[in-house]
Amino acid sequence: MRKVKLQMQLTLDGFVAGPNGEMDWLLWNWDEELKQYVGALIESVDTILLGRVLAQGFIPAWASRVENPETADAFAQKMNDLPRFIFSKTLSETEWDNTTLVKGDLVDEINALKQQPGQDIILYGGANLVSAFIQHNLIDEYHLFVNPVILGNGLPIFNALTNKLNLKAVKSQLFSCGIVALYYEPQRD
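Residues numbered from 1 in each chain as written. Predicted model: local features only at pLDDT ≥ 70, side-chain atom pairs only at ≥ 80, totals over all residues. Heavy atoms only, no water.

The subject of this paragraph is the sheet that holds strand β10 (residues 180–186). Spatial strand order, β5-β4-β3-β6-β1-β7-β10-β9: eight strands in an open sheet with mixed pairing. Looking at strand neighbours, the two that pair on one side only are β5 (99–102) and β9 (167–174), the edges of this open sheet. Strand after strand, the sheet turns through a mean of 20° between neighbouring axes, direction not considered. Alignment of strand β3 (residues 45–51) against strand β4 (residues 84–87), held across four bridges, turns out to be parallel. Looking across to β4, one finds that Leu50 is bridged to Ile86. Docked against the sheet, helix α2 (residues 52–67) engages β3, β4, β5 and β6 (120–125), running at close to 120° with respect to β3. (Pairing = 2+ DSSP bridges. Helix = DSSP H or I, 4+ residues; strand = E, 2+ residues; numbered from the N terminus. Axes fitted to C-alpha atoms, helices over the stretch in contact; angles between N-to-C directions. Contact = heavy atoms within 4.5 Å.)

Put into structure tokens, the structure is as follows:
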């Protein structure tokens, strides 16, 4: 069965965006080692999951990277080419190529997607979508990239959790840019 892998950047105090969705705190001066780490993570993936708000910035950003000779690398091409599933309660259709709009029950949709043949699935967010995945225990791997910043207030992803979720630490790594990558898996009964 395919796995759902969450890859998300967050602050030291656990926020994925500022109170109004600000993302100006993210570190983007990634060192080569972190780029390779993320590249290895995405190697086993053939599907991207996004919420509507994130998709509106994510999809055009990767498309523009592919069009620019200075940023058109294999990673940008893969991010642009992979099939994307957009979860939205407000969109009635999608304007982007290679995307499928998902409007059904989250648990049913993800369980069906995991049963399809293919490689693993990566979940990038946004905050509300990731919170719902966490609440319904739909994530098989947590890849959290902790940025060296504290916001004090912002958008959390663990606030919808109604029961304790025990995780098993698999790997952690500090990168020279200051980001710490944490990899956890849920402890399944």
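Moving on, we come to the pattern of salt bridges. Inspection of the entire model under this criterion finds seven salt bridges. For Arg2, the salt bridge identified is with Asp46, shortest N-O distance 2.6 Å. Taken as a pair, Arg2 in the segment before β1 (4–11) and Asp46 in strand β3 lie far apart in primary sequence, 44 residues in all. Overall, the relative accessible area of 6% leaves Arg2 in the buried class. Between Lys5 and Asp120 there is a salt bridge whose closest N-O contact spans 3.5 Å. With a gap of 115 residues between them, Lys5 in strand β1 and Asp120 in strand β6 connect regions that are remote in the sequence. The exposure class of Lys5 is buried, given its relative accessible area of 7%. Taken together, the salt bridges that share partners define one network made up of Lys3, Lys5, Asp120 and Glu141. (Salt bridge = Lys/Arg side-chain N within 4 Å of Asp/Glu carboxyl O. Buried < 20%, exposed > 50% of the residue type's maximum accessible area, 1.4 Å probe, protein only.)

Ala127, Leu129, Val130, Ser131, Phe133 and Ile134 are the residues of helix α5 (residues 127–135) that are buried. Following α5 by one or two positions, Asn137 has its phi on the positive side, about 55°.

This part covers the side chain of Ser131. Locating Ser131 in the fold gives a position in helix α5. The class of Ser131 is buried, set by a relative accessible area of 6%. At 3.0 Å, the side chain of Ser131 forms a polar contact with the backbone oxygen of Ile157. With residues up to four places along the chain from it excluded, the contact list for Ser131 reads Pro156, Ile157, Phe158, Asn159 and Ala160. (Polar contact = N/O pair within 3.5 Å; in protein donor to acceptor, adjacent residues only side chain to side chain.)

Let us look at the nonpolar core. Counting residues in each nonpolar core, the largest one holds 25 residues, and the members touching the most others are Leu6, Leu49, Phe87, Ile110, Leu123, Phe133 and Ile157. Of the residues forming this core, the biggest block, five residues, is contributed by α5. Excluding residues within four positions of it along the chain, Leu123 makes contact with Val4, Lys5, Leu6, Gln7, Leu49, Leu129, Val130, Phe133 and Ile139. By size, the runner-up hydrophobic cluster in this structure holds 17 residues, among which are Ile42, Val45, Phe58 and Ala76. (Core = buried A, V, L, I, M, F, W, Y, C linked by side-chain atoms within 4.5 Å.)

In this structure, the largest pocket encloses a volume near 1600 Å³. Looking at the largest pocket, it is lined by 41 residues, and the ones nearest its centre are Met8, Leu54, Phe58, Tyr124 and Gly126. Looking at the lining of the largest pocket, the elements with two or more residues in it are β1, β2 (15–17), α1 (32–43), α2, α3 (74–81) and α5. Of the residues forming the lining of the largest pocket, the biggest block, eight residues, is contributed by α2. For the lining of the largest pocket, the per-class residue count stands at 23 nonpolar, 12 polar and six charged. (1 Å grid on protein atoms, 1.4 Å probe; cavity = no way out; pocket = protein on both sides within 12 Å on 5 of 7 lines; lining within 4 Å. Points joined across faces, edges and corners; volume = space filled by probe spheres on them. Nonpolar A, V, L, I, M, F, W, Y, C, P; charged D, E, K, R; others polar.)

Note that every value here comes from positions in space, so none of it alone points to a role or purpose.
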